[in-house]
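Structural overview
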Amino acid sequence: MTPDRVNPPELSPPTGFSHAVVATGTRLVFLAGQTALDTDGKIEGATLPAQFEKALRNLLTALRAAGGTPAHLARVTVYATDIEEYRAHAPELGGIWRRLAGRDYPAMAVVEVVRLWDKQAMVELDGFAVLP
């Protein structure tokens with residue numbers, strides 16, 4: 001994929017996301033929502049940052065299995081059960097993102113939800129990637 005990250009000067013400077021991503025490639029990979037499930041189907045991590053890291057690792061594992069890398073991500077949506085807690089941990093979550101996925105940010109959104117499929121889950125990530 002040749003991503004062109006578009007961040008117009010007329011919009012506020014993006015922090016941890018891109019305003020738009022123009023992706024050119026031949027294969028789309030749609031990534032199912034990933035929470036902090038371990039291989040036994042149990043939620044791992046008692047804190048939002050711990051669950052975010054596991055959910056992101058799960059998302060990237062699915063992406064790599066499909067032949068992609070974090071740089072191929074065009075769009076990611078984060079679903080959080082407590083937006084205030086998410087905002088309070090934003091610098092730490094950004095550090096986790098940079099460590100695992102790098103600094104080529106996809107277009108992103110964070111959406112507060114009442115709850116997720118697994119009652120103990122605090123965060124879920126889904127998205128899509130465009131591969132060459």
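In this text, all values refer to a predicted model and were calculated from it rather than measured experimentally.

**Examining the packing of helix 1 (residues 48–65) against helix 3 (residues 90–101)**
At a closest axis distance of 10 Å, the pairing of helix 1 and helix 3 adopts a crossing angle of 25°. Looking at the two axes, helix 1 sits roughly parallel to helix 3. Like other packed secondary-structure pairs, helix 1 and helix 3 cross with a definite hand, here right-handed. Facing Leu-48, Pro-49, Phe-52, Glu-53, Leu-56, Arg-57, Leu-60 and Arg-64 of helix 1, the residues of helix 3 in contact are Glu-92, Leu-93, Ile-96, Trp-97, Arg-99, Leu-100 and Ala-101.

**A closer look at the layout of surface pockets**
Estimates place the volume of the largest pocket at around 400 Å³. Forming the boundary of the largest pocket are 17 residues, of which Thr-15, Gly-16, Tyr-86, Ala-90 and Val-110 lie nearest the centre. At the level of elements, helix 2 (83–88), helix 3 and strand 5 (107–112) are the ones that each hand at least two residues to the lining of the largest pocket.

**Section: the side chain of Thr-77**
Among the secondary structure elements, Thr-77 is positioned in strand 4 (residues 73–80). Dropping the residues within four chain positions of it, Thr-77 is found in contact with Ala-109, Val-111, Glu-124, Leu-125 and Asp-126.

**Description of the confidence of the model for the chain**
The predicted model of the chain averages 93 in pLDDT, with 98% of residues at 70 or higher. Confidence, read as mean pLDDT per element, is least for strand 1 (residues 2–6) in the chain (77) and greatest for helix 2 (98).

**Observations regarding the environment of Asp-126**
With respect to the helices and strands, the residue Asp-126 is situated in strand 6 (residues 123–131). Residues Asp-126 and Glu-84, spaced 42 residues apart in sequence, show a C-alpha to C-alpha distance of 20 Å.

**Looking at the environment of His-72**
Mapped onto the fold, His-72 is located in the loop between helix 1 and strand 4. Overall, the relative accessible area of 13% leaves His-72 in the buried class. The spatial distance from the C-alpha of His-72 to the C-alpha of Leu-48 is 25 Å, given a sequence separation of 24 residues.

**Comments concerning the packing of aromatic side chains**
Applying the stated criterion across every chain yields a total of two aromatic pairs. Centre to centre, the rings of Phe-30 and Phe-128 are 6.0 Å apart; their planes meet at 40°, and the pair counts as tilted. Residue Phe-30 is located in strand 3 (residues 27–34), and its partner Phe-128 is located in strand 6; the two are separated by 98 residues in the primary sequence. Classification of Phe-128 as partly exposed rests on a relative accessible area of 28%. Ring geometry for Phe-52 versus Tyr-86: centroids 6.4 Å apart, planes at 70°, classification edge-to-face.

Cut-offs and rules
Residues numbered from 1 in each chain as written. Predicted model: local features only at pLDDT ≥ 70, side-chain atom pairs only at ≥ 80, totals over all residues. Heavy atoms only, no water. Axes fitted to C-alpha atoms, helices over the stretch in contact; angles between N-to-C directions. Helix = DSSP H or I, 4+ residues; strand = E, 2+ residues; numbered from the N terminus. Parallel < 35°, antiparallel > 145°, perpendicular 65-115°, else oblique. Left-handed = near helix turned anticlockwise from the far one by under 90°. Contact = heavy atoms within 4.5 Å. 1 Å grid on protein atoms, 1.4 Å probe; cavity = no way out; pocket = protein on both sides within 12 Å on 5 of 7 lines; lining within 4 Å. Points joined across faces, edges and corners; volume = space filled by probe spheres on them. pLDDT = per-residue confidence, 0-100. Buried < 20%, exposed > 50% of the residue type's maximum accessible area, 1.4 Å probe, protein only. Phe/Tyr/Trp six-rings, centres within 6.5 Å; stacked < 30°, edge-to-face > 60°.

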